[in-house]
Amino acid sequence: MTYQQKIKDGETLDLSRRSFLAIAGGAGVGLMIGLKVDPAAAANTAQGAIEFNPFVKVSPDGAVTVIVKHLDKGQGVATGLATIVAEEMDADWATIRTEFAPANPNLYANLAFKAQGTGGSTSIANSWDQYRTAAVTARAALVNAAAEAWKVPAGEITVVKGVISHPSGKKGSFGEFAEKAGASKTPPAVSPQTPPFKNPTKYVLIGKEGLHRVDNDSKTDGTAIYTQDLHVPGMLVAVVAHPPKFGAKPKSFDDAEAKKVKGVEQVVQIPTGVAVLAKNTWAAIKGRNALKVEWDDGAAEGRGSDALMAACKDAVSKPGVATATNTGDAEGALRGAAKVIEADYAFPYLAHAAMEPMNAIAEVKDGAVKITTGAQFQSIDLFVASKVAGVPMDKVTIDTVWAGGSFGRRAVPTSDYIAEALTIAKGIDGKAPVKLVWTREDDMKGGYYRPMYAHKVKAAIGADGMPVAWHHRIAGQSIMTGTAMEPLLVKDGVDDTSVEGASNLAYSVPNLKVELTTIKAGVPVLWWRSVGHTHTAHAVETMIDELAFAAGKDPVEYRLALLKDKPRHAGVLKLAAEKAGWKAGEKLEKGRGRGVAVHESFNSFVAQVVDVTIKDDGQVKVDRVVAAVDCGLVVNPDVVRAQVEGGVGFGLGAALRNAVTLKDGVVQEGNFDKYKPLRISDMPHVEVHIVPSQEKPTGIGEPGVPPIAPALANAIFAATGKRVRDLPIGDQKFTSV
Amino acid sequence: MIKLKINGEERELDVDPDTPLLWVIRDELKLTGTKFGCGVAQCGACTVHLDGSPVRACQTPISDVEDSEIRTIEYVVGSSASKEGKAVQAAWRALDVVQCGYCQSGQMMSAVALLTTNKKPSDKDIDTAMNGNVCRCATYQRIRAAIHDAAKRLEA
Ligand code: FES
Ligand code: FES
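In the annotation of an unreviewed UniProt entry, the entry for chain B reads (2Fe-2S)-binding protein, and the organism field reads Chelatococcus sambhunathii.

An unreviewed UniProt entry lists chain A under the name Xanthine dehydrogenase family protein molybdopterin-binding subunit, with Chelatococcus sambhunathii as the source organism.

> Account for the interface of chain A and chain B, naming residues and giving values.
The interface of chain A with chain B comprises 62 residues on the first partner and 55 residues on the second. It is W282(A), M355(A) and I680(A) that lose the most area in chain A upon contact with chain B, and together they represent 18% of the buried surface on that side. At the boundary of chain A with chain B, the tally comes to 10 salt bridges. Of the charged contacts in the structure, one is a salt bridge between R142(B) and D638(A), with a shortest N-O distance of 2.9 Å. Remark: the boundary between chain A and chain B carries 36 residue pairs in polar contact (both at pLDDT 80 or more). Elements with a minimum of two residues in the side of chain A that touches chain B: α8 (281-290), α13 (440-445), α19 (637-657) and β31 (685-690) of chain A. Counted by class, the side of chain A that touches chain B contains 25 nonpolar, 20 polar and 17 charged residues.

> An account of the packing of α19(A) against helix α20 (residues 708-720) of chain A is requested, with residue identities and associated values reported.
Residue and element names in this part refer to chain A. For the pair α19 and α20, the least separation of the axes is 8 Å and the interaxial angle reads 55°. In this view, α19 runs oblique relative to α20, as classed from their interaxial angle. In this structure, the crossing between α19 and α20 has a hand that is right-handed. Here α19 contributes V648, G651, L652, A655 and L656 to the contact with α20, which in turn contributes I708, A709 and L712. Looking at the contact of α19 with α20, its residues break down into seven nonpolar, one polar and no charged.

> Can you explain the sheet that holds strand β6 (residues 96-100) of chain A? Please cite residues and give values.
All names here are of chain A. Overall, mixed pairing links the four strands, which are arranged β3-β4-β5-β6 in an open sheet. Both outer strands of the open sheet, β3 (50-53) and β6, are each paired with one neighbouring strand and no more. Direction aside, neighbouring strands of the sheet carry axes that sit 30° apart on average. Relative to β6, strand β5 (residues 64-68) runs parallel, the two being bridged by five bridges. Following the sheet pairing, V64 is matched in β6 by I96.

> Pulling in residues and values, what's your account of α8(A)?
All names here are of chain A. The element α8 is largely enclosed, with a buried count of seven among its 10 residues. Turning to α8, its buried residues are T281, W282, A283, A284, I285, G287 and R288. Looking at where α8 begins, the residue whose side-chain oxygen comes 3.2 Å from the main-chain nitrogen of W282 is N280.

Here is what the cut-offs are and how they apply
- Residues numbered from 1 in each chain as written.
- Chains lettered and ligands numbered in written order.
- Predicted model: local features only at pLDDT ≥ 70, side-chain atom pairs only at ≥ 80, totals over all residues.
- Heavy atoms only, no water.
- Contact = heavy atoms within 4.5 Å.
- Buried area = accessible area lost by both parts, 1.4 Å probe.
- Salt bridge = Lys/Arg side-chain N within 4 Å of Asp/Glu carboxyl O.
- Polar contact = N/O pair within 3.5 Å; in protein donor to acceptor, adjacent residues only side chain to side chain.
- Helix = DSSP H or I, 4+ residues; strand = E, 2+ residues; numbered from the N terminus.
- Nonpolar A, V, L, I, M, F, W, Y, C, P; charged D, E, K, R; others polar.
- Axes fitted to C-alpha atoms, helices over the stretch in contact; angles between N-to-C directions.
- Parallel < 35°, antiparallel > 145°, perpendicular 65-115°, else oblique.
- Left-handed = near helix turned anticlockwise from the far one by under 90°.
- Pairing = 2+ DSSP bridges.
- Buried < 20%, exposed > 50% of the residue type's maximum accessible area, 1.4 Å probe, protein only.

Encoded structure:
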């Protein structure tokens, strides 16, 4: 689909790459948006805190505030960045505070994207040198200020837990020297003058246990503030009637009943529906439910998910339109092979269903715009907001607050929910700040799903049982086509996010071909925690298991034999197998099964061993998951463990029973009664083991997800002899063997 | 006018009697620790205590609760917290249960209610009491561990 958004009837906001780059100042700057930098606005300095650089402030009371350029939606990045700064500054962890950065891509770009945004498990990796630099330069400024005041050489000064001291007995806190030191602002870019980073052997915080999350207290007493919790003076709450089909628009509406609801103030038609504005949320919801809207379905997607899956299946039965990988001659080798295994896979649309449904606050005043939300892709959000409001980008302010989950949903190439809030605020001529609230149903039916995919894999083994050919076809919608990311991620018709995890098959197979056919459909699609790996890992890791069994080999040993030049894959696989008590050839008692999978995503490596029980009613119970991860140097081990535990649960819920289905273009699931989330009674015991590493830190928000579905499927096979190739498992009943 | 007894205070509010308690708490009283997750009693994010029992505020019309003592997370783990409230909060903090945190007020409210009636819940008791509380971040393993930890703190 093309990412266009109607801002007014008859006027289309072109969110294509070309218009984006035109605003961004040309392709030469990548996705960097040229904003005027106003140092005073760079970080809203609170309580007399002194700004050392865009990332670090020190208050007179000695508290160190770390400016967090990434959205923390639960993955713990605020804690991670704070840990890095505290370590390199030798600050006292107890005095560390965090604050989300304002939208300002010049200062706060994700260095992996050259745009301000959070995703792809890049947060710690791209910030690692930047935040360390910010911290060591801030520390040096404090030490120099103390040295000058005490008239001693800076080299004789030591810093421990925020206390600066000299062997002469002189002592002072960060706070005492903050003002003086902060005056000599140092740009946090690595230069020859940058003091050296701390030797990792001296770390007292990074990689250590016992540090609590920075949001631990506020999220356990009800005081953490999310978009949903904000009450701006004079604000109206907007709830929108959206069309039942994607691409439909309102034709006419009758708001007589809606306006009778006490508290309803105004009803406005917008291109994405009809918005009811009220003094409170309940009135807005009631008003919306009382609206009668007629929709124009002319341009809408009218197909159901069965028809869309049939289109994907048809595509993989034919040669792919594009080729992602082609080494050797897979088709030729398959023709002459001793044994060929062919398998088909089907993956449904998936909703992110973050716990906090989408929402945003928009204020339009005096030619300026202010957005407050859990903003995840500020560069795009700034661009979209400026287009929607018709104001220059330096008139757009975006304040970021804690987000109640995202799993990718809050980073949208169209900034759909922000654009909608702003369109409504504009629609009432800026007369009040508008809090747009989506109900759970709006969120579930609002699109931007993990795309539906079909795969077909033909693989062959030779006389020695080892794979000789792998021919993999994938078909589904493209996430990137039509977005600002297209030039970076779509090459020769291959959207890398459709094939990642398959096109770069880790196992050494001499003849490999991966083909892709991109299906066009009007259902909005988006990255969903671990993106393409959500489906490619399932096909690859269950197929390699099939090959191991066909070869009569142990699944762990078979994988290891094919991972000889992949030490980090092999490392996590061995560790998970060892900790799980994996024994080659072992058959668990009847009704139980053990399966394994290993997968690299976002430069991190995760292996999981899953134990299942087939219950008397034939349903699957997941008992235990043993995971091993290698994500380079670990900043916060407990956050890494938490992300893998959560990733396992998130992926498991989807594998067991999640699917968004459409009937004649209408989404059938609206709430958690039909889109059934994993619940505590489903949660297995999860053990996470970390491979010690001095490699640069890589991501951990997503890599825990991909291995769980295939490891589960392989465990079910071990218990029942039945392969699970289509997801979700749903109500399937299994018989133990 | 509707009269409410909430968090130890009496409040009089001009709201429609069919308004769910959730929206009165959040929008009128600005007690935003109680969250909106689903609106249909499927997720538990809005859990509050009604005379000590956990209920889903999103499905509780305000007119039904005029005679009850309503308590929200702000009270239950606040300065007047019961020993169960204190133990649950301490356990949650010790184990760094939270991720996005959005479900956690509801989780803690259900956990406090469980521990108030069952001093030493088994895993099965926990599953039964907590199954109505969804956590999309899937912090369930730590929730279970934290409830056991809180039970231990209560013993001590
Ligand atoms: S909001 Fe009440 S149970 Fe979900
Ligand atoms: S902590 Fe995010 S939903 Fe529970």
